[in-house]
Amino acid sequence: MTTRWSRRGFLAASSGTALALGAHSAAEAAPAASSARSGSPARAADEFASLRAKWRTLILGEGFSPTVEPFKSRLADLGTTASGLRSTMAPAGGSLWPDLVYADPDPDTDQESYGFSGNLNTSYTRLATLAQAYSQQGTGLTGDSALRDAILTGLDHLHDEAYNATQARYGNWYSWQIGAPQALLDVCVLMYDQLSATRISGYLAAVDHFVPDSAVGAYTGTSTGANRVDLCRVLALRGVVGADAAKIALARDALTPVFPYVGSGDGLYTDGSFIQHTTVPYTGSYGSVMLGGLGMLFALLAGSTWAVTDAGRQIVFDAVEKAWAPFLYNGLVMDGVSGRAISRGVSASDAQHVQQDDHLRGHPILASIVLLGQGASSTENARWRGLVKGWMQRDYYSPPLSNPALGLTSLARLKGVQDDTSVPAIAEPTGHRLFTNMARATHRRPGWAASISMADRRITYYETGNGENLRGWHTGSGMLYWWGDTYANGQYSDAFWPTVDPYRLPGATASRKTLADGAGGDWGASLPDVNWVGGATDGARAAIGQYLKGLQSTLLAKKSWFCLDDAIVCLGAGITCTDGTAVESTVENRNLGPTGGSAFTVDGTVEPSTYPWSATLSGTSWAHIAGHGGYVFPGGATVKALREARDGRWSDINKGSSTTVVNRKYLTLYVDHGTAPTAATYAYVLMPGASVAQTQARAAAPTWLTVLANTDNQQGIRVPSLGFTGVNFWFAGTVGSLTASKPCSVMISEKSDGTAVICVSDPMRAQTGLTLTWNRAVASVTSKPSTVTSTTTGSALTLTFGDLGATAGVTQKITVKLG
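Residues numbered from 1 in each chain as written. Predicted model: local features only at pLDDT ≥ 70, side-chain atom pairs only at ≥ 80, totals over all residues. Heavy atoms only, no water.

Draft legend 1. Main features of the pattern of salt bridges. Considering all chains together, one arrives at 35 salt bridges under this definition. Across the salt bridge formed by R444 and E428, the nearest N and O atoms sit 2.3 Å from each other. Here E428 lies in the loop between α14 (408-419) and β6 (431-435) and R444 lies in strand β7 (residues 440-445), a separation of 16 residues in the sequence. Here R444 falls in the buried class, since its relative accessible area comes to 4%. Here E428 falls in the buried class, since its relative accessible area comes to 17%. We note a salt bridge from D517 to R471, for which the minimum N-O separation is 3.0 Å. Linking D517 in the loop between β10 (509-511) and β11 (533-537) with R471 in the loop between β8 (448-453) and β9 (479-484), this pair joins segments that are 46 residues apart in sequence. A relative accessible area of 32% places R471 in the partly exposed class. (Salt bridge = Lys/Arg side-chain N within 4 Å of Asp/Glu carboxyl O. Helix = DSSP H or I, 4+ residues; strand = E, 2+ residues; numbered from the N terminus. Buried < 20%, exposed > 50% of the residue type's maximum accessible area, 1.4 Å probe, protein only.)

Draft legend 2. Structural detail: the sheet that holds strand β26 (residues 738-740). One open sheet holds the five strands; their spatial order is β25-β26-β29-β32-β31, and the pairing between them is antiparallel. Two strands bound the open sheet, and with one partner strand each, they are β25 (733-735) and β31 (788-792). Geometrically, the sheet is characterised by an average inter-axis angle of 15° between neighbouring strands, direction not taken into account. Pairing geometry for β26 and strand β29 (residues 770-774), over three bridges, is antiparallel. Note on β29: the bridge partner recorded for L738 is W774. (Pairing = 2+ DSSP bridges. Axes fitted to C-alpha atoms, helices over the stretch in contact; angles between N-to-C directions.)

Draft legend 3. Quick peek at α14. Between its terminal C-alpha atoms α14 stretches 16 Å, which fits the 16 Å expected from 12 residues at 1.5 Å a residue. In terms of burial, α14 is a largely internal element, nine of the 12 residues being buried. Listed as buried for α14 are L408, T409, S410, L411, A412, R413, L414, K415 and V417. (Expected span 1.5 Å × (residues − 1).)

Draft legend 4. Highlighting the side chain of S304. Mapped onto the fold, S304 is located in the loop between α10 (286-301) and α11 (313-324). Among the polar contacts listed, one links the side chain of S304 to the backbone nitrogen of W306, at a separation of 3.0 Å. Setting aside residues up to four positions removed in sequence, S304 forms contacts with E47 and L51. (Polar contact = N/O pair within 3.5 Å; in protein donor to acceptor, adjacent residues only side chain to side chain. Contact = heavy atoms within 4.5 Å.)

Draft legend 5. Geometry of the packing of aromatic side chains. Inspection of every chain in the model, using the stated rule, returns 25 aromatic pairs. Judged by centre distance (5.7 Å) and plane angle (75°), the ring pair of Y124 and Y163 falls under edge-to-face. Residue Y124 is found in helix α4 (residues 111-135), and its partner Y163 is found in the loop between α5 (145-161) and α6 (173-190); the two are separated by 39 residues along the sequence. Classification of Y163 by relative accessible area gives buried; the value is 0%. Taken together, a centroid distance of 6.4 Å and an interplanar angle of 35° make the contact between F274 and W324 tilted. With F274 in strand β2 (residues 274-276) and W324 in helix α11, the pair connects residues that are 50 residues apart, well separated along the chain. In terms of burial, F274 and W324 fall into one category: buried. (Phe/Tyr/Trp six-rings, centres within 6.5 Å; stacked < 30°, edge-to-face > 60°.)

In structure tokens:
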């Protein structure tokens with residue numbers, strides 16, 4: 001019977017149980033190498049055997065005892081899982097397991113076909129789990145002949161019915177070119193001793209059919225970034241299993257386009273951004289796959305004829321701290337760079353009901369950093385191990401060594417770091433990082449960290465696809481995430497995404513206009529027609545701004561965040577909308593877990609803790625959520641507050657997820673701008689981790705903060721005690737002591753030593769001849785970019801920027817000595 005297959009989301013599986021690969025002798029029945037190498041045939045065969053053995057080590061792990069924890073229990077669980085899978089395997093026309101029908105009655109590329117092709121992928125993944133149980137020690141099924149026979153039966157069934165050289169693909173390309181062949185080739189290495197030459201030849205012919213050399217012929221389409229690395233893994237393992245030197249060389253050489261920095265589209269950028277699917281920030285998901293894949297390929301090929309020696313490898317090594325570390329906090333990877341993966345939660349097909357979350361996504365990245373370090377310099381390796389140890393020690397919410405989805409290899413690498421007494425744990429770094437190329441920012445201070453997610457003409461509001469992340473509509477509308485060092489690390493982990501009100505994401509401004517699931521289109525298709533998104537930073541503080549246009553809405557707004565030492569000042573202005581529905585700016589929407597007992601204090605009065613509860617708080621000066629932090633409203637504000645217990649199902653936001661109802665309690669603060677606002681505003685100060693007393697004291701100190709402007713034209717603040725001035729010029733004008741001739745973002749930090757750093761950027765990437773005047777006595781300019789000219793008078797400094805737009809939104813810094 002001829003069938004086609006479908007596609008399915010795969011990244012959840014990338015952090016799942018790793019496959020074990022068996023080492024085999026050169027005398028085993030493998031196809032002859034299709035291209036000759038230098039040296040004798042026996043030496044060539046030895047090298048292929050060595051690569052198979054190395055892959056086994058990379059996947060199985062080393063340096064751990066199967067009789068000690070946490071490995072003993074994990075291995076036993078693997079055996080139990082494999083036993084269950086073996087008992088339910090029932091080869092039939094169109095399926096290998098009854099719950100995974102892969103025969104598509106109407107093969108094409110629609111959502112239904114994606115599901116069928118995903119089932120084929122999952123069928124191979126299950127066989128890989130069986131092969132791991134067969135190969136690993138301590139599973140209770142190690143070397144079991146009945147399990148071996150079941151694996152071979154499964155391989156033959158899938159090959160004869162579906163994955164063979166005469167079949168046409170359907171559904172998701174990924175299932176055919178990456179998911180299924182990766183699992184198949186891993187099983188081939190694991191079961192190499194048990195496979196005849198005929199079997200191997202047939203399996204490899206199928207791989208060649210679906211993953212021809214042309215799959216990496218051009219660096220475009222689905223062959224970029226993490227996908228390219230995955231394709232290279234398929235080609236490399238196909239070469240290893242088939243003793244084909246040319247395939248391995250092709251895989252190695254096809255990695256080269258992944259290394260250089262890119263200026264658009266998929267890949268790594270000089271500012272640390274990582275993009276996949278052209279418009280989606282993806283450091284925490286596809287980026288994780290790329291990092292892990294490169295680490296494994298570097299390690300596999302090291303010391304062989306095909307070692308990866310391209311100098312561009314250093315860009316990947318540099319990216320560990322430039323691109324990945326800024327989004328890792330206490331073991332989690334921030335959701336703002338994980339795309340549609342945030343919606344995966346509990347898979348409907350997962351018998352163990354493991355909930356994927358930001359912590360479980362972060363742990364494989366830690367393990368990948370450890371592996372990558374083996375090929376880096378000794379200095380880099382030592383530092384990275386220290387960073388990983390620190391992240392592990394601080395992950396009290398979800399300890400990595402208890403991660404049920406972490407493969408044994410990753411588990412062993414992390415356990416090795418934990419037990420290495422020569423490695424000191426490195427503390428979380430502080431500072432601000434602005435990722436202009438993916439409209440993201442991170443702000444890290446002692447005791448807490450925050451992240452801001454925005455959208456512009458280059459970066460999508462959100463990504464949906466494969467029936468995933470169906471209600472992530474407003475995650476790019478200025479969502480402000482934050483975590484404490486020893487508290488609230490499960491804020492977005494604890495069933496947040498299926499239960500939170502998707503129209504009231506913390507920090508975001510949104511219309512209550514009803515949006516359809518997946519509104520805007522799949523794969524990051526929907527982009528706001530705005531340019532002014534970005535800001536200026538000196539690496540410690542920042543002025544960040546977003547010109548917001550609502551998704552499928554008439555909403556317009558200007559939003560600014562001024563990131564300081566113990567607070568983030570948040571301003572909104574020019575909020576206008578004619579949707580005929582309410583428009584709201586959400587100050588906070590805190591997930592208080594299943595019980596929701598945190599006290600809520602407003603201007604010294606403890607509000608009711610009952611559910612449901614709501615109130616309109618007029619003239620509010622400050623508010624505080626116990627165990628979380630404080631909120632100050634300069635000059636007073638009318639804020640709405642509510643406690644609500646919200647039901648949700650992961651299947652509401654991801655079609656492949658669990659239908660079980662979960663409930664979480666929320667405390668929400670928001671500004672209601674009405675149904676037809678014109679030039680509405682908001683202003684508040686977020687103080688993560690602040691006590692009631694600290695919050696009240698800040699509210700009682702009106703001179704601490706001066707809001708210089710909060711209009712549709714400019715937004716700016718000054719904090720005299722910090723020597724901080726920040727202004728986002730949406731249009732030219734004068735704000736306080738600053739005058740700008742064109743739109744720009746400006747941040748000034750005056751130091752106690754009589755110097756100041758002036759930071760300027762052009763988020764629009766279009767300005768030439770910008771003139772900025774600071775009405776402040778400046779004795780001299782001590783450093784500046786060569787493209788900037790300066791003029792000082794007794795009472796003012798004038799800076800003229802040549803082609804500021806050519807700097808791609810990167811902050812230009814000028815240091816001056818004050819007069």
